[in-house]
Amino acid sequence: MSSRARLSRFAIVITGLAVLLAGCSGGNSETPPVATLQSQPPPVTASPQSAGQRPVFAFDATPDDKKAMTKPWEDCMVQNAGPAYRNSGQHLIEKGGIAAEDPKGRAALKVCLPKQPEAFDEHQRRTNLAEYRDNQRQWYQCAKAAGYQLTPADPETGQFGLTEVGPNGDAGSPAFQECRREAFTG
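Conventions used here
Residues numbered from 1 in each chain as written. Predicted model: local features only at pLDDT ≥ 70, side-chain atom pairs only at ≥ 80, totals over all residues. Heavy atoms only, no water. Core = buried A, V, L, I, M, F, W, Y, C linked by side-chain atoms within 4.5 Å. Buried < 20%, exposed > 50% of the residue type's maximum accessible area, 1.4 Å probe, protein only. Helix = DSSP H or I, 4+ residues; strand = E, 2+ residues; numbered from the N terminus. Contact = heavy atoms within 4.5 Å. Phe/Tyr/Trp six-rings, centres within 6.5 Å; stacked < 30°, edge-to-face > 60°. Lys NZ or Arg CZ within 6 Å of the ring centre and 35° of its normal. Arc of directions from axis to C-beta. Salt bridge = Lys/Arg side-chain N within 4 Å of Asp/Glu carboxyl O.

**Points about the nonpolar core**
Line of reasoning, step 1. One finds Tyr 132, Trp 139, Tyr 140, Ala 143, Tyr 148, Leu 150, Phe 160, Phe 176, Cys 179, Ala 183 and Phe 184 forming the largest nonpolar core, which totals eleven residues.
Line of reasoning, step 2. Of all the elements in the fold, those that place two or more residues in this core are helix H6 (129-145) and helix H7 (174-185).
Line of reasoning, step 3. If sequence neighbours within four positions are ignored, Trp 139 has contacts with Phe 160, Phe 176, Cys 179, Arg 180, Ala 183 and Phe 184.
Line of reasoning, step 4. Grouped together as the second largest cluster of nonpolar side chains are ten residues, Trp 73, Val 78, Ala 100 and Ala 108 included.

**Quick notes on the packing of aromatic side chains**
Line of reasoning, step 1. Enumeration according to the criterion identifies ten aromatic pairs in this entry.
Line of reasoning, step 2. Ring geometry for Trp 139 against Phe 160: centres 5.1 Å apart, planes inclined by 70 degrees, an arrangement best described as edge-to-face. Taken as a pair, Trp 139 in helix H6 and Phe 160 in the loop between H6 and H7 lie far apart in primary sequence, 21 residues in all.
Line of reasoning, step 3. With relative accessibility at 10%, the residue Trp 139 sits in the buried group.
Line of reasoning, step 4. On the basis of relative accessible area, Phe 160 is assigned to the buried category, the value being 17%.
Line of reasoning, step 5. Joined through ring pairs, the aromatic side chains of Phe 59, Phe 120, Tyr 132, Trp 139, Tyr 140, Tyr 148, Phe 160, Phe 176 and Phe 184 make up one cluster.
Line of reasoning, step 6. Across from the ring centre of Phe 57, 5.5 Å away, lies the NZ or CZ of Lys 66, which sits over that ring.

**Side note on helix H4 (residues 103-112)**
Line of reasoning, step 1. Listed in full, the buried residues belonging to H4 are Gly 105, Ala 108 and Cys 112. End-on, the buried residues of H4 take up no more than an arc of 60 degrees, which puts them together on one face. H4 presents Pro 103 and Lys 110 as exposed residues on the side facing more than 90 degrees away from its buried surface.
Line of reasoning, step 2. On its buried face, H4 is in contact with helix H2 (63-81).

**Let's talk about the pattern of salt bridges**
Line of reasoning, step 1. In total, this model carries seven salt bridges according to the counting rule given.
Line of reasoning, step 2. With a shortest N-O distance of 2.9 Å, Asp 121 and Arg 180 are connected by a salt bridge. Taken as a pair, Asp 121 in helix H5 (residues 120-127) and Arg 180 in helix H7 lie far apart in primary sequence, 59 residues in all.
Line of reasoning, step 3. A residue is classified by how much of its surface remains accessible, and Arg 180, at 18% relative accessible area, is buried.
Line of reasoning, step 4. When salt bridges that share partners are traced, they join Arg 54, Glu 118 and Arg 126 into one network.

Below you can see the structure in the form of structure tokens.
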């Protein structure tokens, strides 16, 4: 094959590739019709906080973990309602919430809600009631099998309680809490 023939073939191949690549480029439009390496990621339109999600205590969170998680919420409460709310994080951990009697405190609770951590099971009840009911049912069955005397489970939420403190102890007893842990972390 002559060098002229090779040069012609080379030119045909180059021209073909150029046509092919031009067809795939999407022309001169500003936005490519398909994702390319030059595509930008989609813009973030909402942060988890603005989407109504709150921090969730891990089921096995330590007291120190919980304290660290409540700090941003407590700081928000102090900033918006004053120094009277300085230990609100500890109260939240121990009691599951706080009551704000003053208007400034009630307003701060609303403003700071996205930073307020919640217990794993309370989060599940708020966001996925069907799964929460299933976990409650598992907890109920485990506690019943362990010998605890229980109230009938609420048909809507599956919540239940103890009718009496027996030989296994109360709701804070290790066996009762182990049933809870197994049901919710299974």
